[in-house]
Amino acid sequence: MHNIDIEVVEMTLDVMKYAISRITDTSPTLGKPKNEEELYKLVGETITSEGIGGEKAFKLFKDILLPATVPIDHPRHLAFVPASPTRAAVMFDLVTSASSIHGAYWMEGAGGIFCENQAMKWLVSLTGMPEGAFGVFTSGGTAANLSAMVTARENWRKDAANRNKKGLVIASIGAHSSIKAMAQVIDADLVLVDADEAMTGEDLQMSINNLDASQRERLFAVVATGGTTNAGIIDDLEGIAQVCKKEGLWYHVDAAYGGGALVADSVRHLFNGIEKADSITIDPHKWLFSPYDCGAVLYKKPELAKEAHSQEGSYLDIFKDEGAHGFNPADYQIQLTRRLRGLPLWFSLATNGIDKYKWAVERGISLAKLSGELIEKRPELELVRPPSLSCVLFKRKGWSPESYTNWTYNNHKEGIALVTPTKWRTKDGYETVIRFCFINPDTSAKDIEVILDTLKK
Ligand SMILES: *Cc1c(COP(=O)(O)O)cnc(C)c1O
């Protein structure tokens, strides 16, 4: 299977042909899941002693399995946080695989890590973090948040008094589920600040003041959100920065979704204060048009991340030799062996230039504004709050939670759109509402109208 024969040549051509047609497809079919038994009945056993052959396996994949997936870049896929990797980025994902580069250490990956670092330098510049700040690409926002929280905790535990204490982190109720999950991974307690919209510096200060003495001793980090996933709300990053400074706390900003908007001049001011963060999470695979998976963690003082994450091992010692010196991505996050997952972003940035990124992110923001206007013109619909970043929350008057679920399933079943409901808190408790999240710049006003039309009486 490592030989090159006519079958390998043919398979290469088939795969490339498929890749070209998918990369250039502007209206992929909106696939939908089937249950596993159903898929098994259609596909059968694929792993056998003899192998079923690439041709058959690929055919099964294309004809049966692929239609049971949702293309993340469908222009009417507005659920969760969709994605829309640029064509250059997707093509370079193929190149990244074909190039077989180990991305953990400069010694093996120098040329590729150089490219990643160019893209990282640009990301850091968007944040306005001070000289010396730098970061590394991770598998996603979850891994970035975990890497930052571990760095924060290890830094806190340098003080012998904290060595055996269980840590405590404060975030807002709008924080992403991964913050809760990763606090569990590092066995830290989490206090959630109950803020209706953005968490402010005052909210944070009050929450700190309300901690009992033992909790206050264990508090080591605050996580602010730079664009909540549910509604696009940006915490008061400046106010929170000041409180963190005054209280001597690690200040992390989770901008996994919203971070892309740092490039958009129209909303950049909403992120003021982010430059004071000790660490920041940004997911290029969300709003910076990278293919999965590509997250990023940025540190004000990368040397603190290195102290927390650098792995020791005698078989790794060779990498410390003269000539192999350079930036080792493995030293700044939780993963050792890694794909050069920043390469697609680098190639797309180099190909397209920053201005096109500005345009494409602004486009998502405009689509959200436009949706707001279109919703307000329709008597059966009601905006829940003004669109924020690229998120829009609205209601269909008179609908029960089940009506929303049925509507979602019907639209998906008919191949019209994938839009899912979410919950939003009002003075009467949590309500079911519809949520749009725009990423794909190819989504059109017509696409929005098509979806809104399915909500008519
Ligand atoms: C999506 C998201 C995450 C998790 O990122 P993954 O890439 O899915 O691991 C974390 N925080 C926020 C704010 C997000 O939007």
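Every chain begins its residue count from 1, and numbering advances along the sequence as written. Residue-level local features of this predicted model are given only where pLDDT is at least 70; pairs of side-chain atoms are given and counted only at 80 or more, and the full residue set underlies all totals for whole chains, interfaces and linings.

### Examining the overall build of the protein
The following threshold applies: We count a stretch as a helix when DSSP gives it H or I for four or more residues in a row; a strand needs E for two or more, and each element gets its number in order from the N terminus. Throughout, radius of gyration means the C-alpha value; the globule benchmark is 2.2 Å times the number of residues raised to the power 0.38. With C-beta atoms placed from the backbone, a residue counts as buried when 20 or more other C-beta atoms lie within 10 Å of its own, as exposed when 12 or fewer do, and as partly exposed for counts between those limits. Placing C-beta atoms from the backbone, we regard two residues as in contact once those atoms come within 7 Å.
Along its length, the protein carries 16 helices and 11 strands. Against the globule reference of 23 Å for 457 residues, the protein gives a C-alpha radius of gyration of 24 Å, in line with a compact fold. Seen through its principal axes, the protein has C-alpha atoms that stretch 70 × 65 × 45 Å. When burial is assessed residue by residue, the protein has 44% of its 457 residues classed as buried. Sequence separation of 24 or more characterises 74% of the internal contacts of the protein that already satisfy a separation of 6 or more.

### Notes on the site of the ligand
Selection criterion: Here, nearness means that the C-beta atom of a residue, built from backbone geometry, sits within 6 Å of the molecule or strand in question. Amino acids outside the nonpolar list (Ala, Val, Leu, Ile, Met, Phe, Trp, Tyr, Cys, Pro) and the charged list (Asp, Glu, Lys, Arg) are all regarded as polar, and Gly is one of them.
Residues in close proximity to the ligand total 14 residues, the closest being Gly140, Gly141, Thr142, His176 and Ala256. No other element matches the three residues that helix H6 (residues 141-156) contributes to the shell around the ligand. When its residues are assigned to classes, the shell around the ligand shows three nonpolar, nine polar and two charged.

### Observations regarding the packing of helix H5 (residues 106-127) against helix H13 (residues 343-352)
Selection criterion: Note on definitions: angles span 0 to 180 degrees between N-to-C directions of axes, and those axes are lines fitted to C-alpha atoms, for helices only across the stretch in contact. Here the angle decides the label: under 35 degrees means roughly parallel, over 145 means roughly antiparallel, 65 to 115 means roughly perpendicular, and every other value means oblique. Helix crossings are classified by the rotation of the near helix relative to the far one: an anticlockwise turn of less than a right angle makes the crossing left-handed, while a clockwise turn makes it right-handed.
Where H5 meets H13, the closest approach of the two axes is 8 Å, and the angle between their N-to-C directions is 65 degrees. If you check the angle between H5 and H13, you find them roughly perpendicular. Seen along the crossing, H5 lies across H13 with a hand that is left-handed. Between H5 and H13, the contacting residues are Gly112, Cys115, Glu116, Gln118, Ala119 and Trp122 on the first element and Leu343, Leu345, Trp346 and Leu349 on the second. When the residues that make up the contact of H5 with H13 are grouped by side-chain class, the tally is seven nonpolar, two polar and one charged.

### Quick look at the sheet that holds strand S7 (residues 295-299)
Heads up, the rule is: One requirement defines pairing of two strands: DSSP has to find at least two bridges between them.
Spatially, the seven strands line up as an open sheet ordered S1-S7-S6-S5-S4-S2-S3, and their pairing is mixed. Edge positions in the sheet fall to strand S1 (134-138) and strand S3 (189-193), since each has one partner strand and no second. Going from strand to strand, the sheet's axes swing by 20 degrees on average, the running direction of each strand aside. Relative to strand S5 (residues 250-255), strand S4 (residues 219-225) is paired through five bridges, and the arrangement is parallel.

### Observations regarding the packing of H6 against helix H12 (residues 302-309)
For the pair H6 and H12, the least separation of the axes is 9 Å and the interaxial angle reads 90 degrees. When the axis of H6 is compared with that of H12, the two are roughly perpendicular. Every residue of H12 that contacts H6 at Ser147, Val150, Thr151, Glu154 and Asn155 is listed here: Leu304, Ala305, Glu307, Ala308 and His309. Split by residue class, the contact of H6 with H12 holds four nonpolar, four polar and two charged.

### Considering the domain arrangement of the protein
To be explicit about the condition: For each domain, the first and last residues come from an automatic or database assignment.
The domain boundaries assigned to the protein delineate domain 1 (1-30 + 33-65), domain 2 (92-352) and domain 3 (359-453). Computed from C-alpha atoms alone, the centre-to-centre distance between domain 2 and domain 3 is 30 Å. At the junction of the two partners, domain 2 supplies 15 residues and domain 3 supplies 13 residues. Of the residues contributing to the side of domain 2 that touches domain 3, the split by class is eight nonpolar, six polar and one charged.

### Brief notes about the pairing of S3
Put simply, the test is: The handedness of a crossover follows from its direction of travel: if, with the strands pointing away from the viewer, the path from the first strand over the helix to the second runs clockwise, the crossover is right-handed.
For strand S2 (residues 168-172) and S3, the ladder comprises five bridges, and the chain directions are parallel. Paired with Leu168 across the strands is Asp189, a residue of S3. Crossover connection from S2 via helix H7 (residues 177-185) to parallel S3: handedness right-handed.

### Description of the nonpolar core
The cut-off we apply is this: As used throughout, a nonpolar core is a set of buried Ala, Val, Leu, Ile, Met, Phe, Trp, Tyr and Cys residues joined through C-beta atoms within 7 Å of each other.
Membership of the largest hydrophobic core comes to 112 residues, with the highest contact counts inside it found for Ala221, Val222, Ile240 and Leu298. At seven residues, H6 tops the list of elements feeding residues into this core. Each of domain 2 (92-352) and domain 3 (359-453) gives at least three residues to this core. Residues Tyr105, Trp106, Ile113 and Ala330 belong to the second largest nonpolar core, which totals five residues.

### What to know about H7
A turn of α-helix holds 3.6 residues, and therefore any two residues three or four places apart point the same way. Our working rule: Note that the arc is defined by the directions from the helix axis to the C-beta atoms.
For H7, every residue scored as buried is listed here: Ser178, Ile179, Met182 and Ala183. In a view along the axis of H7, the buried residues occupy a sector of 140 degrees, so they form one face of it. Residues Ser177 and Gln184 are exposed on H7 and point more than 90 degrees away from its buried face. Turning to H7, the residues buried within the fold contact H6, S2, S3, S4 and S5. Phi for Asp187, located one or two positions after H7, is positive at around 55 degrees.

### Let's talk about the pairing of S2
Counting buried positions along S2 yields four of five residues, so the element is predominantly enclosed. Pairing of S2 with S4 involves four bridges; the strand directions are parallel. For Ala171, the partnering residue across the bridge sits in S4 and is Val223.

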